[in-house]
Amino acid sequence: MPVQDYIRKRFFPHIWCGGCGHGIVLQGMLAAIEELGINKKDVAMVSGIGCSSRIVGYTDFHTLHTLHGRALSFATGVKFSKPSLNVIVPMGDGDAMAIGGNHFIHACRRNIDMTAVIMNNRIYGMTGGQFSPLSGQGIYATTAPYSNIDYEFDTVELARGAGATFVARTTVFHATEITSIMKKAIQHKGFSVVEVLTQCPTYFGRKNKIKGTTDMMEWFKTNTTAIGSDAKKANPSLIERGIFVQTEKNEYCKAYDKIIEIASKEKEA
Amino acid sequence: MEGNIKFVQGNEACVEGALYAGCNFFAGYPITPSTEVAEGLASRLPKNGGKFIQMEDEIASMCAIIGASLTGAKTMTATSGPGFSLKQEALGYAIMAEIPCVIVNVQRGGPSTGNPTHVAQGDVMQAKWGTHGDHSIVAMTASNIQDVFEITIEAFNIAETFRTPVILLFDEIVGHMREKLVIPEKGKIPVIERLRTSVPPGTDYHPYFPRKDGRLPMSDFGGEHRYNVTGLFHDMWGFPTDKPELVHSLMRHLIDKIDTHPKHICKTKKHFLDDAETVLVSYGASARTALEVVNYSRARDRKVGLLELQTIWPFPKDVVAEYCDKAKRVVVVEMNMGQVMEQVKASVQCPANVFLCNRYDGTLINTDDVKNVLRVIEGRGF
């Protein structure tokens, strides 16, 4: 099935600005689902609020566009109630890591079989360019007009520390890597986290004097490297890409099946 | 002996009612004085393949039951004051996206952390207006254990019939006191199942295109029909829109589907009202005290009656007007600063005849409190 068959063409054109990286993430996710041969009715895509969250409406799955930061909570309800669904949760950096931070760490801890995709453009786009917990120090934003003094989260380390059993990072420059990582993340039996660095030329670019989309894409190329590469050894400031964590741990829905087994043996009082 | 007889707390009766109604998914977070609802369902749900999950917070619990409801489950969460505050945003989502679910609020003293282990009825207006924006909501309550069981079933039935969240506005006294509960055989009390679409696979299903009767047949996530659900104003596909005519018609639909069915939704109990010169209006634990005063007064040939509200929202203003307008005086008995009294005043022809008898110190309003107010307003001194 061609990738465009996974799209709701009726709802195009999309709302994203020219040069936005979110379309590349969408393409990468759909290609992964297509290559895995998953039936459309077996996928639920659940998102929160923000530019990135609009991604779900454009896809022809069971789609749930929820509240700011709460996508993983809604998704947990969907998945736990119907474990046969493949649940994919695209979120923005503010959505997932600020207002949704608590839900994020607990979803990691719970190890429920879903895939969280953090589309990290280091800014709140929909509200017009405020700094996020992934912006980092020295960044300019409408709410950091004299430069940002907030330290950033490292999504990979946060997810690892919180107990996620699959953690990966890539960028929209590495489009085919999005697909290959997403395939593994979706197939992983447990909570998987995929951070995708993406660009917001409209706000992040403009506020930080980066001239164009190609410059931002170029930044992903020159400032990232494969995990454990020689380049990383030579230049420790490079951001690593690849799969950081891939371990097996009892999955939540499976664990609850055991609870049902134990409980149903007990007679009703 | 017909049915199954138990001696249980209100919170346990709520569990029994939920299970009778077919609840098969609960998400919650520990909070006094509602915790027994979660504890009961943690134990009972998995016995029949149902799902219980303790979430990381109150917000997540509310979101999880909405997500689960979309897969076809009958879902519930339970909380109290501070947790109810936290659930308001997602409650609004359930209203906007028209997701059936039940939210139990076993009321305690507030504002803030307030009086966690003591009774209050201060969340009446929050149940109506706690979430932002115009909307209609259904909130129900009960004053005894049997009624808690039955109103919980009714809450699920209304949630399914009208595709709406329903709030069960219990209170600490009703939640924790113990009484006899008779659980009837399955089928004795009607249980309404979800209305699912008959649109065949391969044919366009419009999740938000109401039928002539205003109802919206659903399709479970995971089923053949794939569609979008959003908290934004949306079109018949469930896709976001800000077109004024669509915003207008969706708002009209959300309000009308609740407010035009008062006979179906508004439940009251009438005690000695036919000839009542003094009408007490009360609900929840306060109604127990009010009923005691009615019985006391009737034994002394005083024409006092009680209109007990089981539906608080939409406010049963027609029934309130019918009985209160015939009376010489109306006394609203409640454990807050007059939240229902204001509604009663707004419903009757002569608001000056409506008095408040209240208590807000964390203890149950008692018969002397009510008798003292009656004495004064009936001109019998204090």
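Please read these numbers as outputs of a predicted model, since none were measured by experiment. Residue indices begin from 1 for each chain and proceed along its sequence in written order. To label them, take the chains in the order written and letter them from A, then take the ligands in the order written and number them from 1. Local features in this predicted model are restricted to residues whose pLDDT is 70 or higher, and side-chain atom pairs enter the listing and the counts only when it is 80 or higher, whereas totals over whole chains, interfaces and linings include all residues.

Q: Give a detailed account of the overall build of chain B, specifying residues and quantitative values.
A: Comment: elements are numbered from the N terminus, with helices defined as DSSP H or I runs of at least four residues and strands as E runs of at least two. Within chain B, the secondary structure is distributed over 13 helices and 16 strands. Its C-alpha atoms give chain B a radius of gyration of 21 Å, near enough to 21 Å, the size a compact globule of 382 residues would have. Referenced to the eigenvectors of the C-alpha coordinate spread, the extents of chain B come out at roughly 75 × 45 × 40 Å. Here chain B holds 382 residues, and 55% of them are scored as buried. Throughout, radius of gyration means the C-alpha value; the globule benchmark is 2.2 Å times the number of residues raised to the power 0.38. Here a residue counts as buried when 20 or more other C-beta atoms fall within 10 Å of its C-beta, as exposed when 12 or fewer do, and as partly exposed in between; the C-beta atoms come from the backbone.

Q: How would you summarise the domain arrangement of chain B if you had to cite specific residues and measurements?
A: All names here are of chain B. When cut into domains, chain B gives domain 1 (1-265) and domain 2 (267-377). What fixes the domain bounds is an automatic or database domain assignment. One C-alpha centre belongs to domain 1, the other to domain 2, and the line joining them spans 28 Å. Taken residue by residue, the interface counts 30 residues in domain 1 and 23 residues in domain 2. Among the elements of the structure, strand E6 (115-119), helix H5 (124-129), strand E7 (138-140), helix H6 (145-162), strand E8 (165-171), helix H7 (172-176), helix H8 (244-259) and helix H9 (262-265) are those that each provide at least two residues to the side of domain 1 that touches domain 2. Of the residues forming the side of domain 1 that touches domain 2, the biggest block, 4 residues, is contributed by H5. Any residue pair is listed as a contact if its two C-beta atoms, each placed from the backbone, are within 7 Å.

Q: Now, about the sheet that holds strand E11 (residues 268-271) of chain B: what can you tell me, with residues and values included?
A: Residues and elements named next belong to chain B. With mixed pairing, 5 strands are arranged side by side in an open sheet as E11-E13-E12-E15-E16. A strand with exactly one partner marks an edge of an open sheet, and here the two such strands are E11 and strand E16 (354-358). Taken over all neighbouring pairs, the strand axes of this sheet differ in orientation by 20° on average, direction set aside. Inspection of the sheet shows strand E12 (residues 278-282) paired to strand E15 (residues 329-334) by 5 bridges, in the parallel sense. Paired with Val 281 across the two strands is Val 332, which belongs to E15. Lines fitted to C-alpha atoms define the axes, with helix axes restricted to the stretch in contact, and inter-axis angles between N-to-C directions lie between 0 and 180 degrees. Sitting on the sheet, helix H10 (residues 284-298) is in contact with E11, E12, strand E13 (304-309) and E15, with an inclination near 160° to E13. Docked against the sheet, helix H11 (residues 317-324) engages E11, E12, E13 and E15, running at close to 155° with respect to E12. For two strands to pair, DSSP has to find at least two bridges joining them.

Q: Before we move on, can you summarise the packing of helix H1 (residues 22-36) of chain A against helix H6 (residues 175-187) of chain A with the specific residues and values?
A: Residues and elements named next belong to chain A. Running from N to C, H1 and H6 point in directions that differ by 50°, and their axes come no closer than 8 Å. Relative to H6, H1 is oriented oblique. The handedness of the crossing between H1 and H6 is right-handed. Contacts from Ile 24, Val 25, Gly 28, Met 29, Ala 31, Ala 32, Glu 35 and Leu 36 in H1 reach Ala 175, Ile 178, Thr 179, Met 182, Lys 183, Ile 186 and Gln 187 in H6. Convention used here: angles under 35 degrees read as roughly parallel, angles over 145 as roughly antiparallel, angles from 65 to 115 as roughly perpendicular, and any remaining angle as oblique. Each crossing gets its hand from how the near helix is turned against the far one by less than a right angle, where anticlockwise is left-handed and clockwise is right-handed.

Q: Lay out the sheet that holds strand E8 (residues 239-246) of chain A with the relevant residues and their values.
A: Read from one edge of the open sheet, 9 strands run E7(A)-E8(A)-E5(A)-E6(A)-E4(A)-E3(A)-E1(A)-E2(A)-E10(B), paired in mixed fashion. Single-partner strands in this sheet number two, and they are strand E7 (224-226) of chain A together with strand E10 (228-230) of chain B. On average, adjacent strands in this sheet sit at an angle of 20° to one another, irrespective of strand direction. One ladder, built from 6 bridges, connects strand E5 (residues 166-171) of chain A with strand E6 (residues 192-197) of chain A; its direction is parallel. Note on E6 of chain A: the bridge partner recorded for Thr 170 of chain A is Val 196 of chain A.

Q: Go over the environment of Val 174 of chain B, please, and point to the residues and values.
A: All names here are of chain B. Tracing the sequence through the fold places Val 174 in helix H7. Looking at Val 174, the number of C-beta atoms within 10 Å reads 30, which means it is buried. When neighbours within four sequence positions are excluded, Val 174 is seen to be in contact with Gly 10, Ala 142, Ser 143, Val 148, Gly 284 and Ala 285.

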